[in-house]
Amino acid sequence: LKHYEEMRELREQPLDPVAEQEVIDSIEEVYFSTDSFDMVQYELEKLPPELNLQELEQYRDTLKRQQAAVSKKVADLILEKQPAYVKELERVTALQTNLQLAAVICTNARRQLGVAKEGFTEACLGLLANQRRRQLLTGLLQSLRTIKTLQRTDVRLSEMLEEEDYPGAIQLCLECQKAASTFKHYSCIRSTHTHAHTSEQLDVALSKTCKHFDVVHYTKVQRAYSLLGKTQMAMDQLHMHFTQAIHNTVFQVVLGYVELCAGNADTKFQKMQYKDLCTHITLDSYIPCLTDLCKALWEVMLSYHCTMQWHEEHDKNVCVSPADGAAEESDESVDRSYVKKKLEHGLTRIWQVGFICSAVAHQFFRCVLILSRLLRTCGEEFCDSKSEVLQESIKRQSVNYFKHYHRARLEELRMFLENETWELCPVKSNFNISQLHEFKFLGQCRSPSVSPSKLASSGAVPGLELGLFQQYLQEGNPFEMHMEQKEEESEDVLASNGYESDELEKSVYQEYDSDSDVPDELKQDYVDENTGDAPLKSISQETIRSKKRSDYNLNKANQPILTNTTLNVIRLLGKYMQMMNILKPIAFDVIHCVSQLFDYYLYAVYTFFGCNDTYEASGLGLISSRLRSTLNRIQESLIDVETAEGAVVHGPPEERKEKVPSPHLSQLVNLSNSSALFGLAQRVVATESLVFLAEQFEALQSHLDSMMPPAKKPFLQQFYSQTVSTASELRKPIYWIVAAKALDYEQMLLLMAGVKWDIREIMSQHNIYVDVLLKEFEQFHQRLADVSRHVRIPLPVSNVLWEHCIRLANRTLVEGYANVKKCSNEGRALMQLDFQQFLMKLEKLTDLRPIPDKEFVETYIKAYYLTENDMEQFIKNHREYSMKQLANLVNVCLGSHINKKARQKLLAAIDDIDRPKR
């Protein structure tokens, strides 16, 4: 009690706020830590071991002052928050009062709902529902009596439809429909189908006019549709029936031929789709089936023509008001436009039916062209249509037909190439492709603008003078013609290869070698036919140069080099160009196929004789970037690599269908015989026949360009610039293989390794390896002459061969000099003496100037004398030398005029050059 009194006194004593705050701040932090803090235990633990009463009392007074300050601070805070506490307490009291009021309202509502339930019973509501149902049934009884009358009218309407009194039936139907409009919400009225049944019968009557037009019948139908106010709908339905009639008729015609050809086969043809059914048409029944399809189409078109005539006469006889006349004219314009669209659609479908077989013979194809021209004539007379869709369909189907034929020719070309022994085909020196039968058309038809339709048929189409519909309006059919009598007696441009007559063969092959029967103008380099077209080249420009000692020729220097396969490709080119004349719309597709023939021939020659990874890695740029990109393009777009390698076939079938397996060289061709210069004769025949073929393509470029559509001419230009012009570039890789094997370069390296180059005196005699190398060249020269006795070696070929051999020999010399361990100034002079002796003797064997890679050897030999700074600059500027050759050049100079420090510096420079290549 005394303690509390003391505390109250302390709280009541006035304190300075600053002093009070200092007392509070003097309180230890641990008192404010947590609620579970035990202050008594804490103070007891702080007591010293020896207690002092005075100190304890002082410390107690301090604690009392701190407690008093805290209590006063708390009391002040409570007094400060007292108004807010009172206000919040008032809000709680008000909320409690509102809740009690809501409870009273809910209790009253429940009590009133109970009273309402007792006042209105379910029995009263049931009486009201029954009364309402009674009123509805009374109204329904009256409606049923009216509907019964309408049903009796429906019976009469059916009788009138059976009597084909369509206008009277429509009039009765309209009256009945007006009476029943009040009850149309009843399902029984809708179930009578009075109007629907009448429309169906009227639609059936309209469909009968598609095959057999009857004026009286069609007049009744049109009057009925006029009463209905559905003239436009009648025309739409009529178009639909005409289309359906075409589909049904052609299906029945094709089905009849299929069942006739199948005999007793139990295949369910009736359930087949039309497209699948067409695949069962045989070649023998193809043309009769197509002719019958055209006859059926003619019957439908004739009915439509009569229908249009009926409308024209009806418009003339019936007088209408100006407003009605304008509306009628508008409807007629719309009808005619719709008729035109339907006609084109129907003709396109018929044409698609016509091309039901892709592998037809060419005479069948000509029959199809005649029929298509008749169809276009019908379209022009029928609705003044040029039948652009039909012509586009002709183009598309012709492309499919030609691609099938081209695919077979590519396979045939592969067979020719794989069985080709690359022997020279003996032709006369004045051979010209214009002498071949396939190119006779160039003299007969110089203008490429001849109409394909005129070339497709020889005689006039029946009925063109008087008009088809005027001539065959009463009876007959323009398609009742004998197609075999309309065939011209001309050669099939896509027939099998071979000469057609002995006289032609005599004019081409060399067995008849006399030039007495050849006109003088054909003996010239160019033949001017006064046609305005570019002349055809007869022979290569390179083969008519003056004969030099390095040109290896037979007696006839101008004889073209070509093979049987080359002649076959040239014949195919002529046939393809004839096809371009017959079908101008597919000219671009034919040109594309022509390019594939040349691509495949070029690719075959390269893979047979020029594809060798060992020699391609020589770094001499044997294959240009243009030739490399051309070969890659051919391999990606035309060659079926997977099939050729016997691997599992992948990829889309359509994409693989356009490709051909890579050909294989015949086993009869021996490319490993050193005495025959590793098949040089075969290589020359193959390569130069390709060059000859390229020259013929270049001679025909103006003709091909005139046949191409303007938008597609860049393709032809790219084909000539990227592919045809690269034919001569194949000489380098093909003849490089011969040059690399013709001389024994390894033996020369061994002989050079045995020479001592660190001599101390100037030598006047060259080393023996030079004589050995020159002897190798003499033997090469002799073997080249031996080969030329069988196959003429043109000057460009001999130049390429000599260039490759000399280039390889010079590089072998540099490689041999780079293998030298020690060398002196006198040894370097001996190297120059050896090389000059080699050049002097070599120039007597060949007329090739300048000598290839002459500077390559001389520069390397003279680099020995360079100083340190000049040597460093030499290393940076001459990247044509290998790292080994440059390093050896630095090493052999060590001790003469380059010290070890300079040697390390130069080797580091060589290593810096080689580092980016790693």
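Residues numbered from 1 in each chain as written. Predicted model: local features only at pLDDT ≥ 70, side-chain atom pairs only at ≥ 80, totals over all residues. Heavy atoms only, no water.

A. The arrangement of the overall build of the protein in detail. A count of helical and extended segments in the protein gives 38 helices and 2 strands. Within the protein, the proportion of its 918 residues that are buried is 42%. Nonlocal contacts in the protein, meaning residues at least 24 apart in sequence, comprise 80% of its contacts between residues at least 6 apart. Carbon and sulfur atoms make up 52% of the accessible area of the protein, which totals about 50,600 Å². (Helix = DSSP H or I, 4+ residues; strand = E, 2+ residues; numbered from the N terminus. Buried < 20%, exposed > 50% of the residue type's maximum accessible area, 1.4 Å probe, protein only. Contact = heavy atoms within 4.5 Å. Areas by Shrake-Rupley, 256 points an atom, 1.4 Å probe, with all protein chains shown as cover.)

B. Inspection of unusual backbone geometry at higher detail. At the junction of R849 and P850, the peptide bond is cis and its omega measures out at -5° in the coordinates. Mapped onto the secondary structure, P850 falls in the loop between α34 (825-842) and α35 (854-862). With a phi close to 55°, F678 is a non-glycine residue in the positive phi region. Position of F678 among the secondary structure elements: in the loop between β2 (660-661) and α27 (680-699). The phi dihedral of D853 is positive, around 60°, even though this residue is not glycine. By secondary structure assignment, the location of D853 is in the loop between α34 and α35. Of the residues examined, D853 reaches a relative accessible area of 15% and is grouped as buried.

C. Looking closely at the pattern of salt bridges. Under the counting rule described, the total for this entry stands at 19 salt bridges. Residue E28 pairs with K46 through a salt bridge whose shortest N-O separation is 2.7 Å. Of this pair, E28 sits in the loop between α2 (17-25) and α3 (39-46) while K46 sits in helix α3, and the two are 18 residues apart along the sequence. Across the pair R414 and E418 runs a salt bridge, and its minimum N-O distance is 3.4 Å. Pair noted here: R414 and E418 are both in helix α16 (residues 388-419), with a separation of 4 residues, about one helical turn. Classification of E418 by relative accessible area gives partly exposed; the value is 23%. The structure contains a network of salt bridges with shared partners spanning R407, E411, R414 and E418. (Salt bridge = Lys/Arg side-chain N within 4 Å of Asp/Glu carboxyl O.)

D. Region of interest: the nonpolar core. In this structure, F598, L680, F777, Y817 and F838 are the most contacted members of the largest nonpolar core, which totals 146 residues. When sequence neighbours within four positions are dropped, the list of residues in contact with Y817 reads M752, W757, Y769, M831, D834, V857, Y860, I861 and N888. The next biggest cluster of nonpolar side chains, apart from the first, holds 46 residues, and it includes L202, L238, L290 and L297. (Core = buried A, V, L, I, M, F, W, Y, C linked by side-chain atoms within 4.5 Å.)

E. Summary view of the packing of helix α36 (residues 868-877) against helix α38 (residues 900-914). It is at 10 Å that the axes of α36 and α38 come closest, and there the two elements cross at 10°. It follows that α36 is roughly parallel to α38 by the angle criterion. When α36 is examined against α38, the residues E868, M871, E872, I875 and K876 are found in contact with a partner set consisting of A902, K905, L906, I910 and I913. (Axes fitted to C-alpha atoms, helices over the stretch in contact; angles between N-to-C directions. Parallel < 35°, antiparallel > 145°, perpendicular 65-115°, else oblique.)

F. Inspection of helix α10 (residues 215-228) at higher detail. Taking 1.5 Å of rise per residue, the 14 residues of α10 would be expected to cover 20 Å, and the 20 Å separating its terminal C-alpha atoms lies within 8% of that figure. All of the buried residues along α10 are H217, Y218, V221, Q222, A224, Y225 and L228. Across the axial projection of α10, the buried residues extend over an arc of 160°, all falling on one side. Across α10 from its buried face, at more than 90 degrees, point the exposed residues V216 and R223. Just downstream of α10, G229 is the residue with a positive phi angle, here 75°. (Expected span 1.5 Å × (residues − 1). Arc of directions from axis to C-beta.)

G. Region of the structure containing the packing of helix α22 (residues 587-609) against α27. One way to put it is that α22 packs onto α27 with a least axis distance of 10 Å and a crossing angle of 160°. As far as their axial angle goes, α27 and α22 are roughly antiparallel. Where α22 crosses over α27, the two elements pack in a sense that is left-handed. Residues V594, F598, Y601, L602, V605 and F609 of α22 touch α27, and the partners they reach there are Q682, R683, A686, T687, S689, L690, L693, A694 and F697. In terms of residue class, the contact of α22 with α27 is made up of 11 nonpolar, 3 polar and 1 charged. (Left-handed = near helix turned anticlockwise from the far one by under 90°. Nonpolar A, V, L, I, M, F, W, Y, C, P; charged D, E, K, R; others polar.)

H. Expanded view of the packing of aromatic side chains. Evaluation of the coordinates by the stated rule reveals 26 aromatic pairs. Residues F780 and W802 carry aromatic rings whose centres are separated by 5.3 Å and whose planes lie at 80° to one another, so their mutual orientation is edge-to-face. Taken together, the residues F780 in helix α32 (residues 768-788) and W802 in helix α33 (residues 795-818) connect sequence positions 22 residues apart. Note on accessibility: F780 and W802 belong to one class, buried. Over the aromatic face of Y405 sits the side chain of R409, whose NZ or CZ is 4.5 Å from the ring centroid. One cation-aromatic arrangement involves K712 over F588; the distance from NZ or CZ to the ring centre is 4.6 Å. (Phe/Tyr/Trp six-rings, centres within 6.5 Å; stacked < 30°, edge-to-face > 60°. Lys NZ or Arg CZ within 6 Å of the ring centre and 35° of its normal.)

I. Spotlight on the confidence of the model for the protein. A residue-level look at the protein finds 71% of positions with pLDDT of 70 or above and a mean pLDDT of 76. Mean pLDDT across the elements of the protein bottoms out in helix α18 (residues 452-456) (37) and peaks in α27 (94). Across residues 319-325 the pLDDT falls below 50, and counting only partners more than four positions away or on other chains, this stretch makes 1 contact in the model. Note on residues 346-363: pLDDT is under 50 here. Beyond four places in sequence and across chains, it has 53 contacts. (pLDDT = per-residue confidence, 0-100.)

J. Representation of the state of the cysteines. Under the counting rule described, the total for this entry stands at 0 disulfides. The structure places no disulfide on C289, whose sulfur is separated from the nearest cysteine sulfur, that of C278, by 7.3 Å. (Disulfide = S-S within 2.5 Å.)

K. Region of interest: α34. Between its first and last C-alpha, α34 extends 26 Å over 18 residues, near the 26 Å set by a 1.5 Å rise per residue. Along α34, the residues that are buried comprise E826, G827, R828, L830, M831, D834, F835, Q837, F838, L839 and L842. Looking at the buried positions of α34, the neighbouring elements they touch are α32, α33, α35 and α37 (883-893).

L. Inspection of a nonpolar patch on the surface at higher detail. Among the surface-exposed residues, M39, V40, L44, L47 and L51 lie close enough to one another that they form a single nonpolar patch of about 480 Å² accessible area. Its place among the elements puts L47 in the loop between α3 and α4 (53-80). For L47, a relative accessible area of 37% puts it in the partly exposed group. (Patch = residues over 30% accessible without salt bridge, like charges linked within 9 Å, V, L, I, M, F, W, Y side chains within 5 Å.)

M. Just the environment of L751, in detail. By the secondary structure assignment, L751 is in helix α31 (residues 745-753). Placed 16 residues apart in sequence, L751 and N767 show a C-alpha to C-alpha distance of 9.3 Å. In contact with L751, other than residues within four places in its own chain, are Y769 and V772.

N. Geometry of the side chain of Q682. Mapped onto the elements of the fold, Q682 is located in helix α27. For Q682, a relative accessible area of 17% gives the class buried. When sequence neighbours within four positions are dropped, the list of residues in contact with Q682 reads T421, W422, E423, F609 and V669.

O. Quick peek at the environment of H406. Position of H406 relative to the elements: it lies in helix α16. On the basis of relative accessible area, H406 is assigned to the buried category, the value being 4%. Apart from the residues within four sequence positions on either side, H406 is in contact with Y576, C593, Q596 and L597.

P. Expanded view of the environment of S434. Looking at where S434 falls in the secondary structure, it is placed in the loop between α16 and α17 (441-444). Residues S434 and G574, 140 residues apart in the sequence, show an inter-C-alpha distance of 9.5 Å. Looking at S434, its side chain comes within polar contact range of the side chain of N432, at 2.7 Å. (Polar contact = N/O pair within 3.5 Å; in protein donor to acceptor, adjacent residues only side chain to side chain.)

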